[in-house]
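Architecture at a glance
What follows is the residue order along each chain.
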Amino acid sequence: MNEHQTRAARMQQPLATDVIAATAEQHGVCVRPFAMEVGDLDTGELRYIPIPCGSTVESQCGPCARKARALRMAQCREGWHLTEEPDFVPDEPSADHTALLELRADLVAAYQEASTAGAGEADELLDEIRSVDAELRQLGMRGRLPSPEGPGRRTVKRSTKRRQDAPELPRRRVENRTLGREFAGRYRPSMFVTLTCDSYGRVRDDGTPVDPRAYDYRRAARDAVHFAALVDRWWQNLRRVVGWDVQYFATVEPQKRVAPHLHAAIRGSVPHEVLRQVTAATYHQVWWPAHEELVYAGDRVPVWEEGRFVDPDSRRPLPTWDEALDEAGEPAHVVTFGQQVHSKGILGGSEEAGRHIGYLTKYLTKSTGEVIEAATDRQRTHHDRLHDELRITPCSPRCAVWLLYGIQPLGVNARTHPGRCKSRAHRRTTLGLPGRRVLVSRKWSGKTLADHRADRKAFVMAALAEVGISKPEPDRSRLVWQKVQPGDPHQPPRDHLLMHAIAERIKWRAEYDKALLAAGRPPPDPLATRPAAA
Ligand SMILES: [Zn+2]
Ligand SMILES: [Zn+2]
């Protein structure tokens, strides 16, 4: 039945795969699901079920990224103006706890293996472990987990002068409460605060330096690498000054000049003057060996010999990390904030609160690389220059960049390449910006992201129940779920999974619309609002 078509005409037709993906996108269905194999113990039936990819980046999967952002917005909204202390009575360890702990054990084993092998994913695994730890703490787990590095690392006694000096701020005992004060018996304003990095030289409107030669790229690079630690100090100092356990939902985003800055929703009201004082007094000392001058560059780099790195000419072993650290008489770097502190009181439920939640979460569906894309040659040059500096800025005590400064980092081995560290701090695409861009304090909403997801589901269920649709949870006790192994010949192609998910969604949608009509309510425009399927 097909007329003969020229090759060019065929090439102009959209690929079936693209059409299917676009349809999935329109219906709010994950566009790149993976398959789970589900076996029924009673019937012996084996099925493949599409599971959403869960990406937070819109260019990878729009529906999943928009859903993830909506969840973050809900989390931000719920914690910002809480009027009751969140409930933190410890529960029995749940299935979530044990599942996460098992995942952590696997990750730690993988990390230790990668780290001994000098494999590049070690840092990413460490990031992953940290986010599992954060999730566990969010679940209300207390106490310390064993370090991913494992035991055996010698702890060096540091002289007392290496402690972080306490800044000159009034100090109070931090009370065990997370709510701010109430005003006039009913108003409980909260804050929106923006903190920036210091100045490295004057910049134009496009974020590029007025005088590139005078711009302090070295400090910009180091400040970016240590920004997260500085922010931690800020929360500690703020809590001590105000005397209560201040809670926050914050996001780290790049400014035009590509320095990180922090937007934070803070529960409770803190006078601007106090925020300004805390910001001015907060600093973070980096007690690392000095690394001002590159010792090695180009082809002349340290070589691995008899289980350690030695100088390529003299063959003398380079100092180890601990030896170099013992030599350090002062911090290698001190990070401070810029003078600009923006703060604003925001009332709960106001239009302004909604606007600021949108603002806080605006870029969460973009990858860091997408947020800092250069539009002009001048911006590209600026980014290149910053990247040059980040390439020779050590990012951690395990960073292979230390070898260029004549120091053996922690965990070196035969596979370490001097100067080559795969951690994201050195990448051209991220320019020192952190991987974890959402920072939520432990007692923010009293809920985990999983709890917020469950709330959403319950909300949809309630909406359905209201129009007479009840969807009882299927009995899953006799089902065995298994991730499909790569290369499984029975695995259905992605297009099939997508078609299945779209069909489900359309069926569900039709059912919902019919029930709405029956209840005398007009169904909403299917493409304007997409209630998430439970
Ligand atoms: Zn997806
Ligand atoms: Zn590094």
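Shown above is the structure to which this text applies.
These numbers were taken from a predicted model, which means no experiment stands behind them. (Residues numbered from 1 in each chain as written. Chains lettered and ligands numbered in written order. Predicted model: local features only at pLDDT ≥ 70, side-chain atom pairs only at ≥ 80, totals over all residues. Heavy atoms only, no water.)

Broken down by element type, the protein chain carries 13 helices and 11 strands. Residue pairs in contact within the protein chain that sit at least 24 positions apart in sequence constitute 75% of those at least 6 positions apart. About 30,000 Å² of surface is accessible on the protein chain, with carbon and sulfur atoms providing 51% of the total. (Helix = DSSP H or I, 4+ residues; strand = E, 2+ residues; numbered from the N terminus. Contact = heavy atoms within 4.5 Å. Areas by Shrake-Rupley, 256 points an atom, 1.4 Å probe, with all protein chains shown as cover.)

Time to look at the pattern of salt bridges. Any two side chains of opposite charge can pair, on the condition that their charged atoms come close. Here the structure, examined in full by the defined rule, presents 29 salt bridges. With a shortest N-O distance of 2.9 Å, Lys344 and Glu352 are connected by a salt bridge. Residue Lys344 is classed as partly exposed on the basis of its relative accessible area, which comes to 36%. The partner of Lys447 in a salt bridge is Asp455, with the nearest N and O atoms 2.7 Å apart. You can call Lys447 partly exposed: its relative accessible area is 24%. Each member of the salt-bridge network shares a partner with another, and the members are Arg218, Arg222, Glu292, Arg385 and Glu389. (Salt bridge = Lys/Arg side-chain N within 4 Å of Asp/Glu carboxyl O. Buried < 20%, exposed > 50% of the residue type's maximum accessible area, 1.4 Å probe, protein only.)

Every protein donor of the zinc ion (ligand 2) is accounted for by Cys395 (SG), Cys399 (SG), Cys421 (SG) and His426 (NE2), and the metal-donor separations fall at 2.0 to 2.3 Å. One way to put it: the four donor atoms around the zinc ion (ligand 2) meet at angles of 104 to 115°, and that makes the site tetrahedral. Along the chain, the residues that donate to the zinc ion (ligand 2) are spaced as C-x3-C-x21-C-x4-H. The class for Cys421 is buried, based on a relative accessible area of 16%. (Donors = N, O, S within 2.8 Å, 3.2 Å for Na, K, Ca; no water. Tetrahedral: all angles 85-135°; square planar, octahedral: opposite > 155°, others 65-115°.)

Looking now at the side chain of His81. Considering the arrangement of structural elements, one finds His81 in the loop between helix H3 (62-80) and helix H4 (95-116). Looking at His81, its side chain comes within polar contact range of the main-chain oxygen of Ile346, at 2.9 Å. If sequence neighbours within four positions are ignored, His81 has contacts with Arg188, Ser190, Ile346, Leu347, Gly348 and Ala353. (Polar contact = N/O pair within 3.5 Å; in protein donor to acceptor, adjacent residues only side chain to side chain.)

Before going further, it helps to spend a moment on the coordination of the zinc ion (ligand 1). Only Cys30 (SG), Cys53 (SG), Cys61 (SG) and Cys64 (SG) from the protein reach the zinc ion (ligand 1) as donors, at distances of 2.3 to 2.4 Å. Coordination geometry of the zinc ion (ligand 1): the four donor atoms subtend angles of 103 to 113° at the metal centre, consistent with an arrangement described as tetrahedral. Each donor residue of the zinc ion (ligand 1) lies on the same chain, and together they follow the pattern C-x22-C-x7-C-x2-C. Taken together, the residues Cys30 in the loop between helix H2 (16-26) and strand E1 (34-40) and Cys64 in helix H3 connect sequence positions 34 residues apart. Here Cys30 and Cys64 have matching classes, each one buried.

With 18 residues, helix H12 (residues 449-466) should reach 26 Å at 1.5 Å per residue; the first-to-last C-alpha distance of 26 Å fits that figure. By the burial criterion, the buried members of H12 are Leu449, His452, Val460 and Leu464. Down the axis of H12, the sector holding all buried residues measures 130°, keeping them to one side. For H12, the elements touching its buried residues are H3 and helix H13 (494-518). At the C-terminal side of H12, Gly468 shows a positive phi close to 90°. (Expected span 1.5 Å × (residues − 1). Arc of directions from axis to C-beta.)

It is worth spelling out the nonpolar core at this point. With 59 residues, the main nonpolar core has Trp234, Trp235, Leu238, Leu262, Ile266, Leu275 and Leu386 as its most contacted residues. At the level of secondary structure, the elements contributing two or more residues to this core comprise strand E3 (190-197), helix H6 (217-242), strand E4 (248-254), strand E5 (260-266), helix H7 (272-281), helix H8 (321-327), strand E9 (333-346) and helix H11 (377-391). Counting residues per element, this core draws most heavily on H6, which supplies 12 residues. Ignoring sequence-local partners within four residues, the contact set of Leu262 consists of Val193, Thr194, Leu195, Phe227, Val231, Trp235, Ala250, Thr251, Val252 and Leu439. Formed by 14 residues, the second largest nonpolar core is a distinct cluster that contains Cys76, Ala265, Leu360 and Val438. (Core = buried A, V, L, I, M, F, W, Y, C linked by side-chain atoms within 4.5 Å.)

This part takes up unusual backbone geometry. Excluding glycine, most residues fall at negative phi; most peptide bonds, likewise, are trans. For Arg315, which is not glycine, the phi dihedral falls at a positive 60°. When you line up the elements, Arg315 lands in the loop between strand E8 (308-310) and H8. Judged by its relative accessible area of 40%, Arg315 falls in the partly exposed class. Located in the positive-phi region is Leu431, a residue other than glycine, with phi close to 50°. With respect to the element layout, Leu431 can be found in the loop between H11 and strand E10 (438-440).

The next thing to look at is the packing of aromatic side chains. All chains considered together, the criterion is met by 13 aromatic pairs. Each ring, one from Trp235 and one from Tyr248, has its centre 3.7 Å from the other, and the planes form 5°; the classification is stacked. Highlighted residues: Trp235 in helix H6 and Tyr248 in strand E4, separated in sequence by 13 residues. In this structure, Trp235 and Tyr248 share a single accessibility class: buried. Aromatic side chains Trp508 and Tyr512 sit 5.8 Å apart centroid to centroid with 15° between the ring planes, which places their arrangement in the stacked category. Of this pair, Trp508 and Tyr512 are both found in helix H13, four residues apart, which corresponds to roughly one turn of the helix. (Phe/Tyr/Trp six-rings, centres within 6.5 Å; stacked < 30°, edge-to-face > 60°.)

We now examine the sheet that holds E9. Within the open sheet, the six strands sit side by side as E6-E9-E3-E5-E4-E10. Their pairing is antiparallel. Strand pairing shows two members of the sheet lacking a second neighbour, strand E6 (283-286) and E10, which therefore form its edges. Each strand of the sheet is rotated relative to its neighbour by a mean of 20°, with strand direction disregarded. Bridge analysis of E3 against E5 gives six bridges, and the strand direction is antiparallel. (Pairing = 2+ DSSP bridges. Axes fitted to C-alpha atoms, helices over the stretch in contact; angles between N-to-C directions.)

Attention now goes to the side chain of His291. Tracing the chain through its elements places His291 in the loop between E6 and strand E7 (303-305). Here Pro289 takes part through its backbone oxygen, which lies 3.0 Å from a polar atom of the side chain of His291. Dropping the residues within four chain positions of it, His291 is found in contact with Arg222, Ala332, Pro394, Trp402 and Tyr405.

Taking 1.5 Å per residue, 15 residues should reach 21 Å; H11 reaches 21 Å between its end C-alpha atoms and fits that length. Within the span of H11, buried status applies to Gln379, His382, His383, Leu386, His387, Glu389 and Leu390. Projected onto a plane normal to the axis of H11, the buried residues spread over an arc of 160° and lie on a single side. Every exposed residue of H11 that faces more than 90 degrees away from the buried side is listed here: Asp377 and Thr381.

Before going further, it helps to examine the sheet that holds strand E2 (residues 46-51). Taken together, the three strands give an open sheet; going across it, the order is E2-E1-E11, and neighbouring strands pair in antiparallel fashion. Both outer strands of the open sheet, E2 and strand E11 (479-483), are each paired with one neighbouring strand and no more. Mean inter-strand twist for the sheet, computed between neighbouring axes without regard to direction, equals 30°. Sitting on the sheet, H13 is in contact with E1 and E2, with an inclination near 80° to E2.

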